[in-house]
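Residues per chain, in single letters:
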Amino acid sequence: MVTLAYFILAASASPQVQQLTYGIAKTGQFLFPVMWVMLIQRHRPKVWPWSAKGLLFGIIFGLFVAGIMLLAYRFVLRSAPFFLSAANEIREKIDGIDIGSPTIFAAVGVFYSLIHSLLEEYYWRWFVFGQLSERTSLIKAIVFSSLGFMAHHVLVIGTYFGFLSPITWLFSFGVAIGGGVWAWLYHRTGSLLGPWTSHLLVDAAIFAIGYQIAFQIPTN
């Protein structure tokens, strides 16, 4: 619902309206877990432990995924016709939300990699996976929370590649697999540090690719 609001329904609005919609929608999303726990479940939210347990695995997995993404872009995607077409639309979107300068785009990339990835781990692993794991089996909790994590990415990826495109679903299921690994890691360690660090590295790779798309950096 959040992605539908700011990314699709507000897409034709001015950059200011799109940014405002994003801010309101995201604030609502990330406040919801705390309000749910306090007002519906009637107990104080517990702060997750910041144990380094699982951190090494998270780093290795994040670097592995980031490396695959960067290599795929360098040797396959950047010259593929379907990706070239999508790249034009991605550049239009970047300009449309007024982050078309290298400095602003890099700042947004840092924010997403460091802060937004942590907020997503808090929402999808601590809250969604955590709530599901109290009510169903571990496997079901991992699967359903990961499919939920995937769902909003389908809207973003499908906008550029088409909602019936195999590429959209290939990339989206890749997101679900990542979410499943991070949910499993959180379950094993009880800490978001490993999943967050892993997520951070993947997001950094996404924005590195986005930077090249946006500003036509030669890769030869």
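Up top is the structure these notes are about.
### Some remarks on the pattern of salt bridges
Part 1 of the reasoning: Under the criterion given, the structure shown has two salt bridges.
Part 2 of the reasoning: Taking the shortest distance from any N to any O, the salt bridge between Glu121 and Arg125 comes out at 2.6 Å. Taken together, the residues span about one helical turn, with Glu121 and Arg125 both in helix H5 (residues 102-133) at a distance of four residues. Each member of the pair, Glu121 as well as Arg125, is classed as buried.
Part 3 of the reasoning: Residue Arg135 is joined to Glu134 by a salt bridge in which the shortest nitrogen-to-oxygen separation is 3.6 Å. When sorted by exposure, Arg135 lands in the same class as Glu134, which is exposed.

### Details of unusual backbone geometry
Part 1 of the reasoning: Even without being glycine, Arg42 reaches a positive phi, approximately 60 degrees.
Part 2 of the reasoning: Structurally, Arg42 is set in the loop between helix H2 (15-40) and helix H3 (55-75).
Part 3 of the reasoning: For Arg42, a relative accessible area of 68% gives the class exposed.
Part 4 of the reasoning: Although it is not a glycine, Asp98 adopts a positive phi angle of roughly 65 degrees.

### Regarding the packing of H5 against helix H8 (residues 193-215)
In a packed pair of helices, the relevant descriptors are the angle between the two axes and the axis-to-axis distance.
Part 1 of the reasoning: Look at H5 against H8: their axes get within 9 Å of each other, and the N-to-C directions meet at 150 degrees. By the angle class used here, H5 and H8 are roughly antiparallel. The interaxial crossing formed by H5 with H8 has right-handed handedness. Where H5 abuts H8, its residues Pro102, Phe105, Val108, Gly109, Tyr112, Ser113, Leu114, Ser117, Leu118, Glu120, Glu121 and Arg125 lie against Pro195, Trp196, His199, Leu200, Asp203, Ala204, Phe207, Gly210, Tyr211 and Phe215.
Part 2 of the reasoning: Taken together, the residues that form the contact of H5 with H8 break down as 13 nonpolar, five polar and four charged.

### Description of the packing of H3 against helix H7 (residues 166-189)
Part 1 of the reasoning: Viewed as axis vectors pointing N to C, H3 and H7 meet at an angle of 175 degrees, and their least axial separation amounts to 11 Å. Considered as vectors, H3 and H7 are oriented roughly antiparallel to each other. Of the residues in H7, those touching H3 at Phe57, Gly58 and Phe61 are Gly178, Val181, Trp182, Trp184 and Leu185.
Part 2 of the reasoning: Here the contact of H3 with H7 is built from residues that sort into six nonpolar, two polar and no charged.

### Looking at a nonpolar patch on the surface
Part 1 of the reasoning: Judged by side-chain polarity, Leu31, Phe32, Met35, Trp36, Met38, Leu39 and Ile40 come together as a nonpolar surface patch covering roughly 660 Å² of accessible area.
Part 2 of the reasoning: Along the chain, Met35 turns up in helix H2.
Part 3 of the reasoning: Under the relative-accessibility criterion, Met35 is labelled partly exposed at 40%.

### Comments concerning a negative patch on the surface
Part 1 of the reasoning: On the surface, Glu89, Glu92, Asp95 and Asp98 cluster together into a patch of negative charge.
Part 2 of the reasoning: Counting through the fold element by element, Asp98 comes out in the loop between helix H4 (81-96) and H5.

### Let's talk about the side chain of Ser165
Part 1 of the reasoning: As for its position among the elements, Ser165 is in the loop between helix H6 (138-161) and H7.
Part 2 of the reasoning: Given a relative accessible area of 15%, Ser165 falls into the buried group.
Part 3 of the reasoning: Looking at Ser165, its side chain comes within polar contact range of the main-chain nitrogen of Ile167, at 3.1 Å.

### Here we look at the packing of aromatic side chains
Part 1 of the reasoning: Overall, the coordinates contain 30 aromatic pairs when judged by the stated rule.
Part 2 of the reasoning: Taking 5.8 Å as the distance between ring centres and 85 degrees as the angle between the ring planes, the aromatic pair formed by Phe111 and Tyr112 counts as edge-to-face.
Part 3 of the reasoning: The buried category is assigned to Tyr112, whose relative accessible area is 18%.
Part 4 of the reasoning: Ring geometry for Phe149 versus Trp182: centroids 6.2 Å apart, planes at 70 degrees, classification edge-to-face. Here Phe149 is found in helix H6, whereas its partner Trp182 is found in helix H7, with 33 residues between them in sequence.
Part 5 of the reasoning: Exposure remark for Trp182: the relative accessible area of 4% places this residue in the buried category.

Reading the values: the criteria
- Residues numbered from 1 in each chain as written.
- Predicted model: local features only at pLDDT ≥ 70, side-chain atom pairs only at ≥ 80, totals over all residues.
- Heavy atoms only, no water.
- Salt bridge = Lys/Arg side-chain N within 4 Å of Asp/Glu carboxyl O.
- Helix = DSSP H or I, 4+ residues; strand = E, 2+ residues; numbered from the N terminus.
- Buried < 20%, exposed > 50% of the residue type's maximum accessible area, 1.4 Å probe, protein only.
- Axes fitted to C-alpha atoms, helices over the stretch in contact; angles between N-to-C directions.
- Parallel < 35°, antiparallel > 145°, perpendicular 65-115°, else oblique.
- Left-handed = near helix turned anticlockwise from the far one by under 90°.
- Contact = heavy atoms within 4.5 Å.
- Nonpolar A, V, L, I, M, F, W, Y, C, P; charged D, E, K, R; others polar.
- Patch = residues over 30% accessible without salt bridge, like charges linked within 9 Å, V, L, I, M, F, W, Y side chains within 5 Å.
- Areas by Shrake-Rupley, 256 points an atom, 1.4 Å probe, with all protein chains shown as cover.
- Lys, Arg positive; Asp, Glu negative; His and termini not counted.
- Charge placed at Lys NZ, Arg CZ, Asp CG, Glu CD.
- Polar contact = N/O pair within 3.5 Å; in protein donor to acceptor, adjacent residues only side chain to side chain.
- Phe/Tyr/Trp six-rings, centres within 6.5 Å; stacked < 30°, edge-to-face > 60°.

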